[in-house]
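Tertiary structure, described
The residues making up each chain are set out below.
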Amino acid sequence: MSSISVLKFGGSFLRGPQDLLAAVDVIYARVRRGERLIAVTSAFHGRTDQLEQSLARLDAGRATPSSERVRAALLATGEVETANLLAAALGRAGVSAVCARVHRHGPFVGPGTEDPVGVDAESLRALLEEVSVICFPGFAAVEDSLERAPALLGRGGSDLTAVVLGRDLQAPVTLVKDVEGLYTSDPAARVAGEESPRRLSSVSFEDALALGDAILQPRAIRFARDHGLPFDVVGPGHVAGARGTTVHTAPTIERTLSEAPRPLRVTLLGLGTVGTRVFAQLSAAPERFEIVSILARELELDGPPHATAGLLAGDIEAALAAGPDLVIEAMEEHELAAAFMARALRGGAHVVGSGARAIALAAPRLDDVAREAGVSFTCSAAVGGALPALESVTRAALDEEDPLVGFEAALAGETSAAGALDSARTARRAEAGARGEMVVALELLARAAGWPALRWLPLDPLEDGAHADAPSPGRARFVGSVFRSEGGPVANVESRVLGPEPSPQGFVGPSNSLVLHRASGRTELLRGGGEGPWPIAAAIMGDVLSFARRASDEDAQLVTRRQ
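All of the points below concern the structure found in this document. (Residues numbered from 1 in each chain as written. Predicted model: local features only at pLDDT ≥ 70, side-chain atom pairs only at ≥ 80, totals over all residues. Heavy atoms only, no water.)

**Quick look at the overall build of the protein chain**
Put simply, the rule is: Note on conventions: DSSP H or I runs of at least 4 residues are helices, E runs of at least 2 residues are strands, and numbering of each starts at the N terminus. Remark: exposure states derive from per-residue accessible area (1.4 Å probe, protein chains only) relative to the maximum for the residue type, with buried under 20%, exposed over 50%, and partly exposed in between. Surface accessibility follows the Shrake-Rupley procedure with a 1.4 Å probe radius. Residue values consider only the protein chains on display as shielding.
For the protein chain, the helix and strand inventory stands at 17 helices and 25 strands. Among the 563 residues that make up the protein chain, the fraction classed as buried is 51%. Of the roughly 25400 Å² that the protein chain leaves accessible, carbon and sulfur atoms contribute 52%.

Printed below as a string of structure tokens:
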């Protein structure tokens, strides 16, 4: 199985449901790198206090106040609420996620105490074989007894939840806060004329304890220290390359705050359902991204966001005249999109593409154009949406110990068996489009694996009503495969009826799925959402943030060389 990591989101980061998209970006960036995640949540900012006050009002004047078990069960609902909403937000973005049940998985504490004993690591690992992310309510616990009475880990206990999970799963732990690490003093409280606060790039457990409990729960620090578990403290900029603080046994190291890098200048091509979502996510991080122009056709301009005023461009030349560092393609006109992306690359801009058909129409290939221009071209959204298909194939192909020998994918839309189509002609047109998308997807995946031109097996002719007798719960999907052979990689596309239960390969009717086959006979299964604006927007933002991290690393290396 892929490596497991623990991410904890504090109430200062998740102040309310409006911040869930930022958490999705942080999580998806890790999923793209091949990690399986435990995402520990605090309650939304102030939620626990609200619950405590409601209970206090009920108990006022009562001879027998509510029991500690009742209090524990009530206060834990804040974290449970956040964890379930985060799981829902991830699902909408196409990332497979479930919410853990504290009663089943822990953390377990000694009866009558707040001292953690551990979690059921085996059941969590088994769950991560099925999904990419487990959303885990922090703070809450259950007694390590047959009764499993509800308990708590103390205020700020979500930090403790994360380090306990890290110890028992032998996984790295990252605490995501609202500041970019730990500092010698509060950056927000800086007074003019005083020395700038310095970020602690590395801090010892003892010095972290001396900083007080404003950022980290002291019990969590002591638990990590006693079990030799280092952890990182990062902020919102972490997803775009900002450095945080490592808390461990090594001596404390201070770094003077450097001037923040200028925001990346971004041009957006398209302002439809996908483009509008990407626009909103970029606009929410003005310290990292500056939208300098938007190319939107008239048909898309039915009530554009008011924030687009002054940014709209009528043609590609006007859009690129704004001098973007990065161009994001989110268009529906495939031929225009192909031409516009090629023009942007030749003009020296990096490009993130989203449309498989647009990429297939481009001649010469867009990655070749990018290479000649000395810029980058990425297109994760074009294959599988939020399922990190291209990244997973590339990573597997680079594994020399157990190399990739083939893959199978169910990524495109349904065939005519999906029903509700107007006529046989409409059905065949939709079916041909779905098959065409699968062919393009396989070619892009094979290219990501570094494999030469594919040898295609003969495609079955499309026939009207080919799956009319398919079982009603089943969905007829095009499944593609590419396997290496002595004569070169062989590709095939066939139609299969996929039901609600996993097939032998692991495919499920409505899900996008990718199975990687290794030389040892080992297989890896990935599932996720692909169709719809949210998964596509998530994949686009994954490429954008990956580019931002690379740019940040290059800036840091440049500063180091100057010093």
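There is more to say after this.
**Regarding the sheet that holds strand β4 (residues 108-109)**
To keep it simple, the criterion reads: Here, strands pair whenever DSSP counts at least two bridges between them. Whether two residues touch is decided by their heavy atoms; if any such pair falls within 4.5 Å, the residues are in contact. For every element, the axis is a line fit to its C-alpha atoms; helices are fit only across the contacting stretch, and the angle between N-to-C directions ranges from 0 to 180 degrees.
Reading across from one edge, β5-β4-β7-β8 is the order of the 4 strands in this open sheet, with mixed pairing throughout. Of all the strands in the sheet, just β5 (116-118) and β8 (150-152) have a single pairing partner and so form its edges. As paired strands, β4 and strand β7 (residues 140-143) are joined by 2 bridges and run parallel to one another. For Val109, the partnering residue across the bridge sits in β7 and is Glu143. Of the strands in this sheet, β7 and β8 are in contact with helix α3 (residues 68-75), which crosses β8 at around 70 degrees.

**Observations concerning unusual backbone geometry**
Note: most residues except glycine have negative phi, and most peptide bonds are trans. Omega for the peptide link from Gly106 to Pro107 comes to 5 degrees, which places this bond in the cis form. Within the fold, Pro107 resides in the loop between α5 (102-105) and β4. Here the bond from Ala363 into Pro364 is cis, since omega is 0 degrees, no more than 30 degrees from zero. Mapped onto the elements, Pro364 comes out in the loop between α13 (356-361) and α14 (366-373). Even without being a glycine, Arg148 presents a positive backbone phi close to 50 degrees. Here Arg148 is to be found in the loop between β7 and β8.

**Regarding the sheet that holds strand β19 (residues 377-378)**
Taken in spatial order, the 6 strands line up as β16-β15-β14-β17-β18-β19 in an open sheet, and their pairing is parallel. Each having just a single partner strand, β16 (312-313) and β19 make up the two edges of the open sheet. Sheet topology places strand β14 (residues 264-269) next to strand β17 (residues 326-329); 4 bridges connect them, and they run parallel. Pairing of Leu268 across the sheet is with Ile328, part of β17.

**Quick word on the pattern of salt bridges**
Threshold: One side-chain nitrogen of Lys or Arg within 4 Å of one carboxyl oxygen of Asp or Glu is enough to make a salt bridge.
Considering all chains together, one arrives at 32 salt bridges under this definition. The shortest N-O distance in the salt bridge between Arg47 and Glu81 comes to 3.5 Å. Here the residue Arg47 occupies a position in helix α2 (residues 47-59), and Glu81 occupies one in helix α4 (residues 77-92), the gap between them amounting to 34 residues. On the accessibility criterion, Arg47 (29% relative accessible area) is partly exposed. Here Arg219 and Glu114 are joined by a salt bridge, their closest N and O atoms 3.7 Å apart. Taken together, the positions of Arg219 in helix α9 (residues 218-226) and Glu114 in the loop between β4 and β5 put the pair 105 residues apart, joining distant regions of the chain. Note on Arg219: relative accessible area 25%, which makes it partly exposed. Residue Glu114 is classed as partly exposed on the basis of its relative accessible area, which comes to 38%.

**Some words on the packing of helix α6 (residues 121-128) against helix α7 (residues 157-169)**
The line we're drawing: Each angle is binned into one of four classes, with values under 35 degrees roughly parallel, values over 145 roughly antiparallel, values of 65 to 115 roughly perpendicular, and all other values oblique. Throughout this entry, Asp, Glu, Lys and Arg are counted as charged residues, while Ala, Val, Leu, Ile, Met, Phe, Trp, Tyr, Cys and Pro are counted as nonpolar. The remaining residues, Gly among them, count as polar.
Close contact between α6 and α7 brings their axes to 10 Å; oriented N to C, the two are set at 85 degrees. By the angle class used here, α6 and α7 are roughly perpendicular. When α6 is examined against α7, the residues Ala121, Leu124 and Arg125 are found in contact with a partner set consisting of Leu165, Asp168 and Leu169. Each residue belonging to the contact of α6 with α7 can be placed in one class, and the counts come to 4 nonpolar, no polar and 2 charged.

**A few points about the side chain of Asp543**
Counting through the fold element by element, Asp543 comes out in helix α17 (residues 533-562). Leave out the neighbours within four places in its chain, and Asp543 touches Arg32, Val352, Thr378, Cys379, Ser380 and Glu391.

**A look at α4**
We count it as follows: For a helix, the expected span equals 1.5 Å multiplied by the number of residues minus one. Taken from the helix axis, the directions to the C-beta atoms give the arc we talk about.
Taking 1.5 Å per residue as the helical rise, α4 with its 16 residues ought to reach 22 Å, and the 22 Å between its terminal C-alpha atoms agrees with that figure. Among all positions of α4, only Gly78, Glu79, Thr82, Ala83, Leu86, Ala87, Ala89 and Leu90 are buried. When α4 is viewed along its axis, its buried side chains cluster within an angular range of 170 degrees and face the same direction. With its phi angle positive at about 90 degrees, Gly94 sits one or two positions after the end of α4.

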